[in-house]
Amino acid sequence: MASSLNSVLGKLEIVSTSDHASVVSMSLFVALLCACIVIGHLLEESRWMNESIVALLIGLCTGFVILLSSRWKSSRILVFSEDLFFIYLLPPIIFNAGFQVKKKQFFRNFITIVMFGAVGTLISWAVISLGVKQIFGKMDIGFQDVGDYFAIGAIFSATDSVCTLQVLNQDETPLLYSLVFGEGVVNDATSVVLFNAIESFDVTNVNPTIALHFMGNFFHLFFTSTMLGVLTGLLSAYIIKKLYIGRHSTDREVALMMLMAYLSYMIAELFYLSGILTVFFCGIVMSHYTWHNVTESSRITTKHAFATLSFVAEIFIFLYVGMDALDIEKWKLMSDRPGTSVAVSSILLGLILVGRAAFVFPLSFLSNLSKKTQNEKIGFKQQVTIWWAGLMRGAVSMALAYNKFTSSGHTHLQGHAVMITSTITVVLFSTVVFGLLTKPLVRLLLPKQSGSTLSSEPGTPKSPFTMPLLEGGEDRHTNEDVGGDKIPRPSSLRLLLTTPTHTVHRLWRKFDDTFMRPVFGGRGFVPQVPSSPPEQQFVN
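Residues numbered from 1 in each chain as written. Predicted model: local features only at pLDDT ≥ 70, side-chain atom pairs only at ≥ 80, totals over all residues. Heavy atoms only, no water.

**Q** I'd like a rundown of the overall build of the protein, residues and numbers included.
**A** In terms of helices and strands, the protein carries 19 helices and zero strands. Residues counted as buried form 54% of the 540 residues belonging to the protein. For the protein, the computed accessible surface area is about 24300 Å², with 67% contributed by carbon and sulfur atoms. (Helix = DSSP H or I, 4+ residues; strand = E, 2+ residues; numbered from the N terminus. Buried < 20%, exposed > 50% of the residue type's maximum accessible area, 1.4 Å probe, protein only. Areas by Shrake-Rupley, 256 points an atom, 1.4 Å probe, with all protein chains shown as cover.)

Right, here's the structure in full:
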């Protein structure tokens, strides 16, 4: 009896010690997050460094201190979990990107954005995949499966354009800002869809039938995920418009918006679709319809809440990456081949540069063929800026690499350790070095200039962070495309590429005003309830 009691007490002590260690780890991590925000704010004036770079550097320093205190045993206070990233951290980041996107600019340049974000990502994936297959196959890294090479191409096709967006001014360069921002979001979604498609297919024996099946599965995921996000956003708009929950409780309508946004992501993952695409388009639809159906106080609350959740999630990811860069477990597997990781990282950086250039300049040329005026065309300096903006790699690349080459955050095979350490090196180098060079490069290529003809819409409610959440003038009827000038009649290829864009936009406006807004709400169709003073005040 006494022995069994001692056994139970021993187990309770172990559990208590484990819980206390978790509390200590989380306390330290939260303190580091606070430090990242404070230091990032102090460095905001110079804008040489953003919170991502600060979080990486603080993570590196903290990891080194922990490594010393543990006598070179571990640099971790948390163990990376793919579920933590894909289920809890990624959804608020992607949803906020869709929720705050400037829809008029986004859809005005939609064809070009899709060309860069989807077609360009596929080109970059092909270049990187073929490159690593040819080069890594001769280096005896530890794996020969062609699926691994294709997965590496998808991992390093995912970009992170945060540094460039913080330097660009959307009022001075609205076209460039819209392209960089839009491409970044579509690129992340395309990379994850591509990665999932590769993981679900046996690509060891590629033939035309398998290739067609693969592409069909890719486009099926893309379309189905998009439609699920749109339908979930419309459902939230309809429920809030019909019930008008805000007249009794603004807390409920805010909670409903948040939960339905998260539900769209989880349903997509449940049916093996792309949660990124789903939650992104859910954010766009919610900002177009649902956001206008809630009370004024709820609009302010959701705007700041979504931006804050996204902001903290991004810092959390980069802080962890910085700390995990010094994980001794991975580097021990590389102790007998220290030069291999450096060589692999250098090759990957070179392929990223080439893969990026392989589509930015040719697709820019094609895009310029459809433009009417010089101001609408993407100049060579702007093309260089777009190329540079996509050279940095960040959280999505890290998460995909961990998903492919680790098990519960641990690496046991040397080949997998090479890829994890190389991915960390590429993310650190590109984010810190390229990020620090972004401001002087952009200022050199794009000196301060006055607003262009494609300036952003007036009346924008400002976000506390770098980008406005929603533009106020996006829903106005507008048949003019540039400054109210009549569009000159284009010819040949320009007519082919330009006319459908304006026609689709005009038809969508009529359809939206006639059918969609009366049912789902939006600007101009918000119900006015006398018992809701905040809403009446907003309408008046």
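**Q** Go over the packing of aromatic side chains, please, and point to the residues and values.
**A** One pass over the structure, following the stated rule, counts 16 aromatic pairs. Relative to Phe306, the ring of Phe99 lies with its centre 5.0 Å away and its plane at 75 degrees, an arrangement referred to as edge-to-face. Within this pair, whereas Phe99 is found in helix H3 (residues 82-100), its partner Phe306 is found in helix H12 (residues 296-324), the two being separated by 207 residues in sequence. Residues Phe99 and Phe306 agree in their burial class; the two are buried. Note on Phe361 and Phe380: the rings are 6.1 Å apart at their centroids and 25 degrees apart in plane angle, and the pair reads as stacked. Of this pair, Phe361 sits in helix H14 (residues 338-368) while Phe380 sits in helix H15 (residues 380-389), and the two are 19 residues apart along the sequence. Assessed through its relative accessible area of 26%, Phe361 is described here as partly exposed. For Arg299, the ring lying beneath its charged end belongs to Trp291, and the centroid distance is 5.6 Å. (Phe/Tyr/Trp six-rings, centres within 6.5 Å; stacked < 30°, edge-to-face > 60°. Lys NZ or Arg CZ within 6 Å of the ring centre and 35° of its normal.)

**Q** Tell me about the packing of helix H6 (residues 146-155) against helix H16 (residues 395-405), residues and numbers included.
**A** Where H6 contacts H16, the two axes come as close as 9 Å, and the packing angle between them is 160 degrees. Taken together, H6 and H16 sit at an angle that is classed as roughly antiparallel. The hand of the H6/H16 crossing is right-handed. Side by side, H6 and H16 meet where Asp148, Ala151, Ile152, Ala154 and Ile155 of the first sit next to Ser397, Leu400, Ala401, Lys404 and Phe405 of the second. Residue composition of the contact of H6 with H16, grouped by class: seven nonpolar, one polar and two charged. (Axes fitted to C-alpha atoms, helices over the stretch in contact; angles between N-to-C directions. Parallel < 35°, antiparallel > 145°, perpendicular 65-115°, else oblique. Left-handed = near helix turned anticlockwise from the far one by under 90°. Contact = heavy atoms within 4.5 Å. Nonpolar A, V, L, I, M, F, W, Y, C, P; charged D, E, K, R; others polar.)

**Q** Help me get a handle on a nonpolar patch on the surface, residues and values and all.
**A** Taken together, the side chains of Val38, Ile39 and Leu42 define a hydrophobic patch exposed on the protein surface, amounting to about 280 Å² of accessible area. For Val38, the location among the structural elements is in helix H1 (residues 2-42). (Patch = residues over 30% accessible without salt bridge, like charges linked within 9 Å, V, L, I, M, F, W, Y side chains within 5 Å. Salt bridge = Lys/Arg side-chain N within 4 Å of Asp/Glu carboxyl O.)

**Q** Tell me what's going on with the state of the cysteines, and back it up with residues and numbers.
**A** Disulfide: a covalent bond connecting the sulfur atoms of a pair of cysteines. Taken as a whole and assessed by the stated rule, the structure comprises zero disulfides. Looking at Cys36, it has no disulfide partner, and the nearest cysteine sulfur is the one in Cys34, 9.1 Å off. By relative accessible area, Cys36 is classed as buried at 0%. (Disulfide = S-S within 2.5 Å.)

**Q** So what's going on with the nonpolar core? Residues and values would help.
**A** Membership of the largest hydrophobic core comes to 129 residues, with the highest contact counts inside it found for Phe136, Phe156 and Leu348. The element that contributes the greatest number of residues to this core is helix H8 (residues 174-200), accounting for 15 residues. Ignoring sequence-local partners within four residues, the contact set of Phe136 consists of Gly131, Ile141, Tyr149, Ile152, Val344, Ile347, Leu348 and Met419. Counting six residues, the second largest nonpolar core, distinct from the first, contains Leu234, Ala237, Tyr289 and Phe520. (Core = buried A, V, L, I, M, F, W, Y, C linked by side-chain atoms within 4.5 Å.)

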